[in-house]
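What follows is each chain in one-letter form.
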Amino acid sequence: MIRRTRPVAGAIALLAALTAGIAFPSAAAAGEPTGQDAPKVDLVLDVSGSMRAKDIDGQSRMAAAKQAFNEVLDATPEEVQLGIRTLGADYPGDDRKEGCKDTAQLYPVGPLDRTEAKTAVATLVPTGWTPIGPALLEAADDLDGGNGSKRIVLISDGEDTCAPLDPCEVAREIAAKGIGLTIDTLGLVPNAKLSRQLSCIAEATGGTYTSIEHQDELTDRVNELVDRAAEPVVTPVAVEGAGTCAKAPELKSGLYTDREEFGQQRWYRVDLPAGQELRASVSVAADRAVRPDYGILMRAVTLHGREIVRGEATGNGRTDVLSTGLRHPKPELDDDGDEPSTETVCLGVTTSFSADAGVKTTPGLPLELTVDVVDGPDNASFGLGRGWWLLGALIVTGFLAGLVWGWLSRWRVAVWRTN
C-alpha cells in the first residue's frame with residue numbers, strides 16, 4: 001500500500017480547469033501531451049531589506065540569489081520563455097500602503113536574452129517590504145495567455161508584510177482561474193512561520209516548497225523547476241465512474257478526470273494481464289469550503305468483491321488536495337494453467353468530505369485518477385532479479401578466498417613448527 005498526503009500538481013490543474021468549465025476532449029488519448037505554446041516561467045525574487053543578511057555560505061542572501069540567477073540563466077533551455085519579477089526592490093520608505101505596491105517586472109516573460117537578464121539582476125539592491133500576495137497576482141498576469149505550461153518560482157526570505165491580503169488565498173484564487181499555473185516556493189533560511197506560509201502557497205496550486213540554506217541548493221532547485229516547465233503538458237481525459245463495478249468504465253494506462261459527489265463512491269475497471277503490475281493513484285480537490293477531518297479511500301477488489309489492496313489518507317482542513325494510491329502485481333501464469341491470464345480489477349474511490357449547510361454539493365468534487373499497467377517486478381531468484389548473479393559471485397569469491405586463506409594459514413603453521 002502506498003500512502004501519500006502531499007498534494008498533487010495534476011489535481012490542482014484539474015481543479016482549475018473544472019472550475020472554469022473547460023471540457024476535456026473525450027477522443028484524446030489518456031495522458032496525451034497537448035501543449036503547443038512555449039513553456040513560461042516567471043522567477044519572483046524577494047528584494048526586501050532582510051535580503052542583506054549574510055548567512056548563506058558567508059555571503060548575503062541577495063548575493064547568493066544573484067549568483068544562482070546567473071547560473072540558472074545560463075542553463076535555461078532555449079524553448080522556455082523566462083521572466084523575472086521583483087518584490088520590495090524599489091520603495092525604501094515606511095508607508096505600508098506604498099510598500100505593498102512595490103512589485104515590478106524586472107525582465108519580461110519571453111525569449112531569453114541572457115546578457116540583458118543578467119545585467120538587470122546585477123542592479124538589484126535589498127530595499128523594502130515583502131508584498132508576496134500582490135507580486136503573485138502580477139506574476140499570474142505576466143504568464144497569461146497560451147496553452148503551454150506556466151510556472152511561478154517564488155524565492156523569499158520572509159513572510160508577507162501586506163496582510164490582510166493573504167498570499168495563500170491569492171494562490172487559491174490563481175488556481176481557481178483555470179489558467180493551469182503552478183507556483184513553487186523556496187524559502188531562504190526560513191523560520192517556522194515562513195515555511196508554513198510558503199508551503200500553503202505551493203500546495204494551493206499543486207507546487208512544491210523547498211527550504212534553502214546554501215547557494216548551490218538554490219541554483220540546483222531553480223534549475224530543476226525551470227527544466228520541469230519545459231516538460232510537455234498532459235491533458236487528462238474525462239471519464240464518468242459508475243455506482244457499481246459491473247457498470248464501471250474500462251480504463252487503460254493514462255490520466256483521467258471525474259467528479260464525485262459528497263458521500264459518493266465511484267468505480268472503474270482495469271484489465272491486468274499476468275505478470276503485469278497495476279499502479280493507481282487518486283487525488284480529490286476541495287474546490288469549496290468543506291468541514292475539517294475528511295478522508296479518501298481507494299480499493300482494488302475482484303469482480304466477486306474480494307478486496308485485494310487499499311490505499312487511504314486523511315486530512316484536517318489544512319490542504320486543498322488529498323491523495324492516495326495503491327499497487328497490485330498480477331502473478332505469472334501457473335504451470336498447471338489454473339490461474340487466468342488476465343484479471344479484471346475494480347478500482348473503487350470513496351471520500352468522506354462533508355460541507356456545512358448552504359455550501360453547494362453539485363457538481364461533485366474534482367477527482368483525478370492515474371492508472372499505470374506496467375511490467376511487474378522480476379520474481380525469479382527469490383526476488384533478487386539480476387542481483388542473484390552478484391550474490392552468487394560473492395559466494396564463490398568468498399569460498400575461494402577461504403580456501404586460499406586456510407592453505408596459507410596451514411603453510412605458516414608448518415613453517416613455524418619446522419623452525
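Scroll up a little and you will see the structure.
Draft legend 1. Structural view of the packing of helix α6 (residues 167-176) against helix α7 (residues 192-204). The geometry of α6 relative to α7 is characterised by a closest axis approach of 8 Å and an angle of 10° between their N-to-C directions. Here α7 runs roughly parallel to α6, going by the angle between their axes. Residues P167, C168, A171, R172 and A175 of α6 form the contact with α7, whose own contacting residues are Q197, C200, I201 and A204. By residue class, the composition of the contact of α6 with α7 is 7 nonpolar, 1 polar and 1 charged.

Draft legend 2. Molecular detail of the pattern of salt bridges. This model, assessed by the stated rule, comprises 17 salt bridges. Between D55 and R61 there is a salt bridge whose closest N-O contact spans 2.6 Å. Taking relative accessible area as the criterion, R61 reaches 10% and is therefore assigned buried. In this structure, E307 engages R310 in a salt bridge whose closest nitrogen and oxygen atoms are separated by 2.9 Å.

Draft legend 3. Spotlight on the sheet that holds strand β14 (residues 294-301). Pairing is antiparallel across the open sheet formed by 4 strands, whose spatial order is β12-β17-β14-β15. Strand pairing shows two members of the sheet lacking a second neighbour, β12 (265-273) and β15 (307-315), which therefore form its edges. Here the strands of the sheet are splayed against their neighbours by 15° on average, with no regard to which way each runs.

Draft legend 4. Spatial organisation of the packing of helix α2 (residues 61-75) against helix α8 (residues 215-229). With their axes 9 Å apart at the nearest point, α2 and α8 run at an angle of 35° to one another. The handedness of the crossing between α2 and α8 comes out as right-handed. Only Q215, L218, T219, V222, N223, V226 and D227 of α8 make contact with α2, whose side of the interface consists of A64, A65, Q67, A68, E71, V72 and A75. Grouping the amino acids of the contact of α2 with α8 by side-chain chemistry returns 8 nonpolar, 4 polar and 2 charged.

Parameters at a glance
- Residues numbered from 1 in each chain as written.
- Predicted model: local features only at pLDDT ≥ 70, side-chain atom pairs only at ≥ 80, totals over all residues.
- Heavy atoms only, no water.
- Axes fitted to C-alpha atoms, helices over the stretch in contact; angles between N-to-C directions.
- Helix = DSSP H or I, 4+ residues; strand = E, 2+ residues; numbered from the N terminus.
- Parallel < 35°, antiparallel > 145°, perpendicular 65-115°, else oblique.
- Contact = heavy atoms within 4.5 Å.
- Nonpolar A, V, L, I, M, F, W, Y, C, P; charged D, E, K, R; others polar.
- Salt bridge = Lys/Arg side-chain N within 4 Å of Asp/Glu carboxyl O.
- Buried < 20%, exposed > 50% of the residue type's maximum accessible area, 1.4 Å probe, protein only.
- Pairing = 2+ DSSP bridges.
- Left-handed = near helix turned anticlockwise from the far one by under 90°.

No statement about biological role is implied by the geometric values presented.
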